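Now for the letters of each chain:
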Amino acid sequence: MRWQGGRRGGNIDDRRGLGGVGIAGGGIGALVLAAIGYFVFGIDPQTTQQITSQLGGVGSSEQGVQGSPEDQAGAFVDVIGTNVDDVWRTKLQGYEPPTVTLYEQGASTGCGFGQSAMGPFYCPADRHVYLDLSFWDQMETQLGASSADFARAYVIAHEYGHHVQTLTGTSQQVRQAQQRAAGEAEANQYSVALELQADCYAGVWAANAAAASNGAVALEAGDLEEGLRTASAIGDDTMQRRSGGRVVPEGFTHGSSAQRMEWLRRGYQSGGPAACDTFSGL
């Protein structure tokens, strides 16, 4: 993926190296990885309090190490996020960018306390995207996702998709529908639709990235396939199998591997958010 010549907007709240709060024990164990897989991409911290307690709470703070690889990663987030903003300004009237908060291990948010074990997430209360950049390595080494730049950009663009859903009122409508749902399985259907739409929105961004940046940010040969590989790796059915359990569709919250791949591809092929109606039939 081409991105080094892209514009940096600077809408970054960089909290790295500020002594983030870590997980008790100082490492990421199997249970934490299960949490990453289960909540990967877009879960509000308020919904993870039970799992956080199961992980043993939080331990002492650890000082992050700032270095050139991390600075490069921060620059990548800034360029990609700025490009996503530029695309959505052309697609959504009155679009207002979110702030991206980079943190290490733990961060206070408008939605409660967030931990890297939850994966990247968007908080509608403060309209921030929260990223612990170490998640990318965990996603690639533990979950089988691609290490390609576009695969990482897909993660960012998915979270921006949740921001778009907040701006359009979709997220609020989903919460109301979930409150009216007859049970957990029905409520989960709305969660899946919301997540698949964010995947589709990520595809919409990818299709328009080059036009919004005069070619400075653009997919190259094979990039879409790497993004689809990542979408497949983080599907609910794949994650349930990886954790050693059986596949329980009623428990899906983000969609199957096939669904996530399909909606990312659909957004990319259409290039417009009108193709991202994942709620039909609910």
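Keep in mind it's a predicted model, so treat the numbers as computed, not measured. (Residues numbered from 1 in each chain as written. Predicted model: local features only at pLDDT ≥ 70, side-chain atom pairs only at ≥ 80, totals over all residues. Heavy atoms only, no water.)

## Re helix α8 (residues 223-233)
Here is the rule: A simple rule labels every residue: compare its accessible area, found with a 1.4 Å probe on the protein chains alone, to the largest value its type can have, and call it buried under 20%, exposed over 50%, or partly exposed in between. Secondary structure counts use DSSP, requiring at least four H or I residues in a row for a helix and at least two E residues in a row for a strand, with both numbered from the N terminus. Contacts: residue pairs with any heavy atoms within 4.5 Å of one another.
Every buried residue of α8 is listed here: Asp-223, Leu-224, Gly-227, Leu-228, Thr-230, Ala-231 and Ala-233. Residues of α8 that are buried sit in contact with α4 (134-142), α5 (149-168), α9 (236-242) and α10 (257-270).

## Digging into the sheet that holds strand β4 (residues 99-102)
The cut-off we apply is this: Only strands joined by at least two bridges in the DSSP assignment are considered to pair. Every angle, taken between N-to-C directions, lies between 0 and 180 degrees, and every axis is a line fitted to C-alpha atoms, over only the stretch in contact when it is a helix.
One open sheet accounts for four strands, arranged β1-β4-β8-β7; its pairing is mixed. Because the sheet does not close on itself, it has two edges, and the strands there are β1 (12-14) and β7 (121-123). Strand-to-strand twist across the sheet, computed as the mean angle between neighbouring axes with direction ignored, equals 25°. With three bridges connecting them, β7 and strand β8 (residues 128-131) associate as antiparallel partners. Among the inter-strand pairings, Phe-121 is bridged to a residue of β8, identified as Tyr-130. The strands touched by α5 within the sheet are β4, β7 and β8, with β7 carrying the most contacts at an inclination of about 25°.

## Overview of the packing of aromatic side chains
To describe a pair of aromatic rings, you give the distance between the ring centres and the angle between the ring planes. So the rule is basically this: Classification of ring pairs uses Phe, Tyr and Trp, with its six-membered ring standing for Trp, and accepts pairs whose centres are within 6.5 Å; under 30 degrees between planes counts as stacked, over 60 as edge-to-face, and the remaining range as tilted.
Scanning all chains against the criterion turns up six aromatic pairs. Where Trp-3 meets Phe-76, the ring centres are 5.1 Å apart and the plane angle is 85°; that geometry is what we call edge-to-face. Of this pair, Trp-3 sits in the segment before β1 while Phe-76 is found in helix α3 (residues 68-91), placing the two residues 73 residues apart along the sequence. Judged on exposure class, the residue Trp-3 and its partner Phe-76 are both buried. For the pair Phe-76 and Trp-136, a centre-to-centre distance of 5.8 Å together with 80° between the ring planes defines the contact as edge-to-face. Of this pair, Phe-76 sits in helix α3 while Trp-136 sits in helix α4, and the two are 60 residues apart along the sequence. Comparing Phe-76 with Trp-136 shows no difference in burial state: the two are buried. Here the aromatic cluster, defined as three or more aromatic residues joined through ring pairs, consists of Trp-3, Phe-76 and Trp-136.

## A few points about unusual backbone geometry
At Gln-105, a position not held by glycine, the phi torsion is positive, near 75°. Structurally, the position occupied by Gln-105 is in the loop between β4 and β5 (106-109). Here Asn-214, not a glycine, exhibits a phi torsion of approximately 55°, which is positive. Looking at the element boundaries, Asn-214 is found in the loop between α7 (184-212) and α8. Accessibility expressed as a relative area gives 81% for Asn-214, which makes it exposed.

## Section: the pattern of salt bridges
Applicable threshold: Here a salt bridge means any side-chain nitrogen of Lys or Arg lying within 4 Å of a carboxyl oxygen belonging to Asp or Glu.
In the structure shown here, the tally under the stated rule is 13 salt bridges. A salt bridge links Glu-140 to Arg-152; the shortest N-O distance between them is 2.8 Å. Pair noted here: Glu-140 is in helix α4 and Arg-152 is in helix α5, with a separation of 12 residues, a long-range link. As far as burial versus exposure is concerned, Glu-140 and Arg-152 are alike and both buried.

## Description of the environment of Ile-234
Of note, Ile-234 is situated in the loop between α8 and α9. The buried category is assigned to Ile-234, whose relative accessible area is 0%. Along the sequence, Ile-234 and Gly-255 sit 21 residues apart, while their C-alpha atoms lie 9.0 Å from each other.

## Quick look at the packing of α8 against α10
As a reminder, the rule being used: Orientation categories follow fixed angle ranges, with anything under 35 degrees roughly parallel, anything over 145 roughly antiparallel, 65 to 115 roughly perpendicular, and all other angles oblique. Crossings are sorted by hand: turned counterclockwise from the far helix by less than a right angle, the near helix makes the crossing left-handed, and turned clockwise it makes it right-handed. For this classification, Asp, Glu, Lys and Arg are treated as charged, while Ala, Val, Leu, Ile, Met, Phe, Trp, Tyr, Cys and Pro are nonpolar and the rest, including Gly, are polar.
Where α8 contacts α10, the two axes come as close as 8 Å, and the packing angle between them is 150°. Viewed along their axes, α8 and α10 adopt a mutual orientation that is roughly antiparallel. Of the two elements, α8 crosses α10, and the hand of that crossing is right-handed. Across the interface between the two elements, Leu-224, Gly-227, Leu-228, Ala-231 and Ser-232 of α8 pack against Ser-257, Arg-260, Met-261, Leu-264, Arg-265 and Tyr-268 of α10. Counted by class, the contact of α8 with α10 contains six nonpolar, three polar and two charged residues.

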